[in-house]
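Working through the structure, step by step
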Amino acid sequence: MHSSEVRDDSNIPELVLKLCKYLAPDSGLLQSKLTGIAFQWLTQSSNNQENVLSDEPLVVNNIHELLSSRSSKDVENFDLLYSSLSKSGIIRDRTTLLSFLYRISLAHHERPLRSLCCKLDKLHMKELRGSKASVQRSVNNLSSIDSNSVRHIFERNDRKFTETTTASTLARANSQATTISSAAWSHHDIPSSSKASICYPVTEQELLHDVIYSLQGIQGKFLRKNLSGFGYKLDPKTSKPLSHIQRSLLERIVGTGLLHNQLRQFCEEHEKQSGLICQAFIATLNNELSEYYKIIAILQPNSEMTLRRVLFILQDHRTRFEWLAHIAEHCNDPKGGALITAVHGFLQHGSKVVQEVTRKVLEAVCNPLYIMLSRWLLDGEINDPCNEFFIEAKHVILAERLWHDKYIVRKSMVPSFMSMKQAKQILASGKSINFLKQVCKDGGQLPGREALQKLFNTTSADALFAPEQSIEFHLTLETVYKETSFRVLDLLKNKYNIYEHLQSLRRYLLLGQGDFIRHLLELLTPELNKPADAIYGHTLSAILESAIRVTNAQYEDEDTLKRLNISFMSHSIGDVGWDVFSLVYNVDGPIGTIFQTTMPTYQSLFGALWKAKRTEYVLANMRRQQISMAKLFRKVRELNPVMHIIHILTSKMIHFIHQTQYYFLFEVLECSWAELQTQFNKAECLDDIIMGHNSFLESIQRGVLIDTESRQLFSHLISIYNFVVNLESHQEAIYEAASCEYEAFMAYKRKTEDTERFEITNELEAAAKLRISKFHQFLNTTRLKVKSTVQTYDIIVTKFLELLACSSNMKLQLLSVRLSFNNFYKLSC
């Protein structure tokens, strides 16, 4: 079969002669010239074959230009003939035929045959030195030989070629007869002694084999893999015969192979990497490679396939591969939502091709995210074993901590096409579903579920980022967020009475129920004055129940009263009951979600306000006792100096405590409570209530000086409270000493009045004098202590007021003005 194909080339001379006779039927001289030009063109060197046109439209255009220079009628005739040739299926390689005819006509029109022969001699002098004379004689005698002699020449040359052709060259000739034959004709007359040094030209069919291999990552005869990269390079040994055009085409084509190798290696390296989003990206790349392999499958070497056509066919894939490789480079490390963000950045590119490639990849990687999002919004569940979702679920045991700690937003995983506000709304929607199910035990139909289910059934992953679809998607998400949030708030307000619990916390832990707190103080004072380790919880619980029964607290809801209880803080040696006592309000269930985390804050606020209330209560008792002492010990004139000092100091303290208590209870507590009510009424979701409640507590902490910025102020305030308690102890000691002295004096006076003078012995008089002396000494010592207390108190209060005046809080500055009215304390600032 192969040998017959080689022998069939011997028919070419006869066909050429027939063609020339057909073109010049009436002129034998013209036939001879055309025949000579044709055979000279067919037997010219492969170096000149580079100028052969291989693009059919270009050849047709050149023929049009040539014919238009002659006559318009020739152009019309050519168009009719070319149309018939295009419709005919007999001739497959029309480009070569048209190029051949164009070259013959062009040579005949511009140059005579003899000038072409001279140029041929000059161009091939080195290659055809051994056979130049024979070729020249053959061409010069072409006009006088007949078809048999021409056939004889080619048959003789064919035998000569068959005898000297190697086995490998003959094998290539079997599959590529036309190109090999033309290559053989350019060397037919070369002597056998010079054939060993000749570089035979490489046909496109040979190069196509290497190209197809390189496009699939396999090196061939001419194209070798670079050891340091993914690309290819021309083998310097086997690529010597390649022309510049062939080299250029190969270099442009193998660039696609380089990109193919990069993408394939990326897929192999990340194929086993965990993560649904990453696997979706790899699957997209594999699909692109599969489509690429389908194109490669049709690029089999045949008579119609050329390197230029391969380059044209692969152009689209090359462009896509370039951007896919660029995207893969940016997605090498990120995963999950971060990978989606990296891909989404390419969607803003101005090129439509890049946008198309990016959109396809983005839709693929968003599909797992879309599924996770649907499960979260419909059922409140997270199926994310590889931590790719932008919402993270943590292990939380307490139901009260579910809303706060179990679910959080991973900021690094939020896709770039989604704002942080939308991410928080999605988080809140899923948390609301879990809150209703797990905490509220609500088995009703979840709000907005049907609309959301319909949305997920009718849209795809591109609804997340495509502007024409994302608007409806995000509007639906916002609607679901509002409906689920409203359902949660409705349950908390109407079923679980969250507002009533807020009021109870304000009344009892923030001392808003004045009659109850006052009565509780009176009942607890005897017990709390004891050492901390001598106090029993059941005793204080009984006192608490008594205070509830005799005050307006008895009208509270039964559930609220059950939650109110007594608590003891940890104590050390020397602590008394006042140091460890605290009221607590037990919360659980849905209301525990809001209040459980803030209970330590309530405890600290209660402690600060309780100390101020106790100081106010102590000063009130001191003032009452001073009035009693003034009446009882009116005749004990020795008390007047020290009691005068205590009275003045008590007045200072009462003014200080009253102004401070007014500031705490009205300007801080009441104003903060009014603001909380406003935020509570405007709340659209549970987070709004939690944030408003936290802001309420933070405002009170700043107001009562127990925040981190007011530690120095609070320490001075505690010192002032301690001075009040110390002053009470001094006054109690004076009262007891004065009472004893008064009773002893009255007893001694009764004896002197009721008995005769001789019964008063010297011993009794000496004892009376000694008692009076000790009493006077006690008063003097106490007066000195009280004076020292007054001085120290004034120093601490002055320092406290200076700190208030220098505070950045305007309310504290006004408090300083009220406490030092008319500049009583002579502040330095």
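Everything numeric here is computed off the predicted structure, so don't read it as measured data. (Residues numbered from 1 in each chain as written. Predicted model: local features only at pLDDT ≥ 70, side-chain atom pairs only at ≥ 80, totals over all residues. Heavy atoms only, no water.)

**A few points about the overall build of the protein chain**
Regarding its fold elements, the protein chain presents 34 helices and six strands. Taken across its 829 residues, the protein chain has 45% of its residues classed as buried. Of the accessible surface of the protein chain, which amounts to about 43,100 Å², a share of 53% is contributed by carbon and sulfur atoms. (Helix = DSSP H or I, 4+ residues; strand = E, 2+ residues; numbered from the N terminus. Buried < 20%, exposed > 50% of the residue type's maximum accessible area, 1.4 Å probe, protein only. Areas by Shrake-Rupley, 256 points an atom, 1.4 Å probe, with all protein chains shown as cover.)

**A short note on the packing of helix α14 (residues 276-297) against helix α17 (residues 337-344)**
Between α14 and α17, the least distance of the axes is 8 Å, while the angle of their chain directions is 40°. Between α14 and α17, the crossing angle belongs to the class labelled oblique. Residues I277, C278 and F281 of α14 form the contact with α17, whose own contacting residues are G337, L339 and I340. Classifying every residue of the contact of α14 with α17 by side-chain character gives five nonpolar, one polar and no charged. (Axes fitted to C-alpha atoms, helices over the stretch in contact; angles between N-to-C directions. Parallel < 35°, antiparallel > 145°, perpendicular 65-115°, else oblique. Contact = heavy atoms within 4.5 Å. Nonpolar A, V, L, I, M, F, W, Y, C, P; charged D, E, K, R; others polar.)

**Describing unusual backbone geometry**
Even without being glycine, N387 reaches a positive phi, approximately 55°. Look at L705: it is not a glycine, yet its phi comes out positive at around 70°. With respect to the helices and strands, the residue L705 is situated in the loop between α31 (686-703) and α32 (711-754).

**A look at the confidence of the model for the protein chain**
Per-residue pLDDT for the protein chain averages 80, and the proportion of residues at 70 or more is 83%. Per-residue pLDDT stays below 50 along residues 45-52; that stretch engages in 15 contacts with residues further than four places along the chain or on separate chains. (pLDDT = per-residue confidence, 0-100.)

**Side note on the pattern of salt bridges**
Counted under the stated rule, the structure contains 21 salt bridges. We note a salt bridge from D442 to R487, for which the minimum N-O separation is 2.7 Å. Note that D442 is positioned in the loop between α20 (420-439) and α21 (449-458) and R487 in helix α22 (residues 467-495), a separation of 45 residues in sequence. E478 is the salt-bridge partner of K482, the closest N and O atoms lying 3.8 Å from each other. (Salt bridge = Lys/Arg side-chain N within 4 Å of Asp/Glu carboxyl O.)

**A look at the nonpolar core**
One finds F516, W610 and F800 to be the most contacted residues of the largest nonpolar core, which totals 110 residues. Take this core: its biggest share by element is 18 residues, from helix α30 (residues 639-682). Ranked by size, the runner-up nonpolar core spans 80 residues in total, among them A342, M372, A423 and L455. (Core = buried A, V, L, I, M, F, W, Y, C linked by side-chain atoms within 4.5 Å.)

**Quick word on α22**
Between its first and last C-alpha atoms α22 spans 42 Å; for 29 residues at 1.5 Å apiece the expected length is 42 Å, and the two agree. The positive-phi residue at the C-terminal boundary of α22 is N497, with phi of around 50°. (Expected span 1.5 Å × (residues − 1).)

**Some details on the pairing of strand β6 (residues 581-585)**
Within a regular strand, the side chains alternate between the two sheet faces. In terms of burial, β6 is largely enclosed, as five of its five residues are buried. Pairing geometry for strand β5 (residues 564-568) and β6, over five bridges, is antiparallel. The partner of S567 across the bridge, within β6, is S582. (Pairing = 2+ DSSP bridges.)

**A word on the packing of aromatic side chains**
Throughout the structure, instances matching the rule amount to 26 aromatic pairs. When the centroid spacing of 5.7 Å and the interplanar angle of 65° are considered together, the rings of F656 and F800 count as edge-to-face. Highlighted residues: F656 in helix α30 and F800 in helix α33 (residues 762-805), separated in sequence by 144 residues. Both rings, one in W673 and one in F696, keep their centres 6.0 Å apart while their planes meet at 70°; by these two values the pair is edge-to-face. Of this pair, W673 sits in helix α30 while F696 sits in helix α31; the two residues are 23 residues apart in sequence, bridging distant segments of the chain. Grouping residues by exposure puts W673 and F696 together as buried. One aromatic cluster is present, built from ring pairs that chain together Y499, W673, F680 and F696. Across the ring face of F680, the terminal group of K493 is positioned such that the distance to the ring centre comes to 5.2 Å. (Phe/Tyr/Trp six-rings, centres within 6.5 Å; stacked < 30°, edge-to-face > 60°. Lys NZ or Arg CZ within 6 Å of the ring centre and 35° of its normal.)

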